[in-house]
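# Observations on the model geometry
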There are 2 protein chains.
Amino acid sequence: MIHLPIERQRVCELVANHLIQQISDRRLKPGDPLATERELTQTYGVGRSSVREALRILESKGLIRSAGKGTFAVAEYANPLQHSVRLLLTLQEIALPELFEVRKILEVEAAGLAAARRTDDDLAEMARRIEEMVEGLSSQERYIAADLQFHLAIATATRNRIAVHVMQAIREALHRALASIFQIPGSPQQSLAQHKEILRAIAAGNQDEARQRMREHLLRVEGDIRDALDAGA
Amino acid sequence: MIHLPIERQRVCELVANHLIQQISDRRLKPGDPLATERELTQTYGVGRSSVREALRILESKGLIRSAGKGTFAVAEYANPLQHSVRLLLTLQEIALPELFEVRKILEVEAAGLAAARRTDDDLAEMARRIEEMVEGLSSQERYIAADLQFHLAIATATRNRIAVHVMQAIREALHRALASIFQIPGSPQQSLAQHKEILRAIAAGNQDEARQRMREHLLRVEGDIRDALDAGA
DNA sequence: GCCAATCTGAATGTCGGACAATAATACCGT
DNA sequence: ACGGTATTATTGTCCGACATTCAGATTGGC
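Residues numbered from 1 in each chain as written. Chains lettered and ligands numbered in written order. Predicted model: local features only at pLDDT ≥ 70, side-chain atom pairs only at ≥ 80, totals over all residues. Heavy atoms only, no water.

### Topic: the nonpolar core
Note on soluble globular proteins: their nonpolar side chains tend to be buried together. Short version of the rule: Working definition of a nonpolar core: buried Ala, Val, Leu, Ile, Met, Phe, Trp, Tyr and Cys residues. They are joined through side-chain atoms within 4.5 Å. Throughout this description, buried means an accessible area under 20% of the type-specific maximum (1.4 Å probe, protein chains only), exposed means over 50%, and partly exposed covers the range between. Contacts are residue-level and defined by heavy atoms, with any inter-residue pair within 4.5 Å sufficient.
In terms of nonpolar packing, the biggest core is built from 56 residues, with Leu81, Leu99 and Ile162 of chain A together with Leu81, Leu99 and Ile162 of chain B touching the most fellow members. Beyond its immediate sequence surroundings of up to four residues, Ile162 of chain B is in contact with Leu88, Ile94, Glu98, Leu99 and Val102 of chain A together with Leu81 of chain B.

This is the structure in structure tokens:
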């Protein structure tokens, strides 16, 4: 009988795990205000230090958010991957070109899957996001947001939530770089046209076409960003 | 002049960020023993609570690891993504089939990229891992480990570190399911043969062939696992 | 002289108290 | 009823205390 190394669980970890379980069970829903430290202290019968360390753990996992007064159970789109990708970037464990490449792999394939699985609602959502991009041509912020939403709509249409999360995390990390394309003359208009082509292919259920259109789109955007950086540097 | 909401930085966050910076600068290398809480307290001139909360933050990000006596700066393969994927699983925010699908997308494309970029060292590494799988045919643990290493070697050959990290995280989450194939009669031998085909295609620099072989391999493994689960259930 | 048991010290894990700063609430005077 | 003030609640931070556990030194036995 081999006893694996016994990992002593700290009290703060027990509290953290219990809270995670509650969030997982939807007993704590996104946006709900969390109990105060004092209440948690009494509920679990532990010291305040342990409660606070548990909260720090949840916070660093992106599950809760300290908003001045009171800590809230966040989630909504709780995406721990975003934190992780950010961390890997600051650790210089990964670099932007690598993120672009993985993004290309995932989004191209996602377009193909979306063409096979999309519902009418998905198509409507994508069309709506394209509308928003048209309206947002005068506002960088709105344009970029709508662009992100369009690509996320495609990811959603794959019915693969991990794909959505990974894509979201990568795009968040690339946010700055992606925002810069708005400054490139003609780029937003071209993206718009390409988005429409992608949507058409997805609506037609043509997987190969959707993949190809998405690949073209991403390659062009990448080229534009490279040009902009070269010119700026 | 618009002042963005001032995010009050907690002391523990300042300490955590400073330590992250030191790890990022390689001033703290993987395996190095971290300063004691008392030392950190004196170094930064803050209270022990703050130091401890900072350590909990780093720990939950997977940057350090408490090993009974003394906390160590970990990493070497510090992979925050592993924690995140695990968390998403426990939150039931994602499910295993979705992970299998993303794995397929990434690994198939990785095989293609590896065929284009692999060095002789990469090929030698892959061959070595196949050898290990042969030797490990009698030991589930060794076989599974060698299998993982073979696939990671392919990822490494892509020269895309984020791909390596994501694949590693997904495989870690799938570890149980993947380990079960060892129990299926003939499956390890088939995998072995397919691995050799994949390696041959990568060595030949044939991207399409590599992708196709990898796709076949992953589909077969997935089928085996499904069969095993159906039979077991 | 060498080995083993024990003792001591250091470090972590945990609790509780104390205090400042800040935000929400209640209260009160006009 | 309204505005301003007082009170309270909560977080952020520090500090002290104690149990536990582990490493290394000390010491005792053979």
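More follows now that the structure is in view.
### Describing the relation of the copies chain A and chain B
Test applied: The copies are overlaid by a least-squares fit using only the C-alpha atoms of residues whose pLDDT is at least 70 in both copies.
It takes a turn of 180° to lay chain A on chain B, together with a shift of 0.0 Å along the axis; the resulting RMSD is 0.1 Å. Viewed as a symmetry operation, the transformation between the two copies matches a two-fold axis. Both copies present the same face, since 100% of the interface residues in chain A are matched by interface residues at the equivalent positions in chain B.

### Some remarks on the pattern of salt bridges
Quick note on the threshold: Salt bridges are identified by distance alone: a Lys or Arg side-chain nitrogen within 4 Å of an Asp or Glu carboxyl oxygen.
Applying the stated criterion across every chain yields a total of 48 salt bridges over all chains. As a salt-bridge pair, Glu13 of chain A and Arg10 of chain A come within 3.0 Å of each other at their nearest N and O atoms. Look at Glu13 of chain A and you get partly exposed, because its relative accessible area is 24%. A salt bridge links Arg211 of chain B to Asp208 of chain B; the nearest nitrogen and oxygen atoms lie 3.2 Å apart.

### Brief notes about the domain arrangement of chain A
What counts here: Domain borders in the structure are assigned automatically or taken from a domain database.
When its domains are assigned, chain A resolves into domain 1 (11-73) and domain 2 (80-232). For domain 1 of chain A versus domain 2 of chain A, the separation of C-alpha centres amounts to 34 Å.

### Quick word on the side chain of Arg211 of chain A
Residue and element names in this part refer to chain A. For the record, the criterion: In this description a helix means any DSSP run of H or I spanning at least four residues, a strand means any run of E spanning at least two, and both kinds are numbered starting from the N terminus. Nitrogen and oxygen atoms within 3.5 Å of one another constitute a polar contact, given that in protein one can donate a hydrogen and the other can accept it, and given that sequence-neighbouring residues count only through two side-chain atoms.
You can see Arg211 is positioned in helix α11 (residues 207-232). Polar side-chain contacts of Arg211 include one of 3.2 Å to the side chain of Asp208. Apart from the residues within four sequence positions on either side, Arg211 is in contact with Val108, Glu109, Ala111 and Gly112.

### A word on the interface of chain A and chain B
Basically, it comes down to this: Two parts placed together each lose some accessible area under a 1.4 Å probe, and the buried area is that loss summed for both.
Each side of the interface is counted separately: chain A has 43 residues, and chain B has 43 residues. Surface buried jointly by chain A and chain B totals about 4200 Å² across both partners, of which 59% is contributed by carbon and sulfur atoms. If you look at where chain A meets chain B, you find 10 salt bridges. Linking Glu98 of chain A and Arg161 of chain B is a salt bridge whose minimum nitrogen-to-oxygen distance equals 2.8 Å. Counting every contact that joins chain A to chain B gives 22 residue pairs in polar contact (both at pLDDT 80 or more).

### Topic: the protein's contact with DNA strand C
This is how it is decided: When at least one non-hydrogen atom of a residue lies within 4 Å of a molecule or strand, that residue is treated as near it. Lys, Arg, Asp and Glu make up the charged group, whereas Ala, Val, Leu, Ile, Met, Phe, Trp, Tyr, Cys and Pro make up the nonpolar group; the residues left over, Gly among them, are polar.
For DNA strand C, the set of nearby residues contains 15 residues, the closest of which are Arg10, Val11, Gly47 and Ser50 of chain A together with Arg48 of chain B. Counting only the atoms of DNA strand C within 4 Å of the protein, the fraction contributed by sugar and phosphate is 65%. For DNA strand C, a phosphate oxygen lies 3.2 Å from a polar atom in the backbone of Glu37 of chain B. Mapped by element, the contributors of at least two residues to the surface near DNA strand C are α3 (48-60) of chain A together with α3 (48-60) of chain B. Residues of the surface near DNA strand C, tallied by class, amount to 2 nonpolar, 5 polar and 8 charged.

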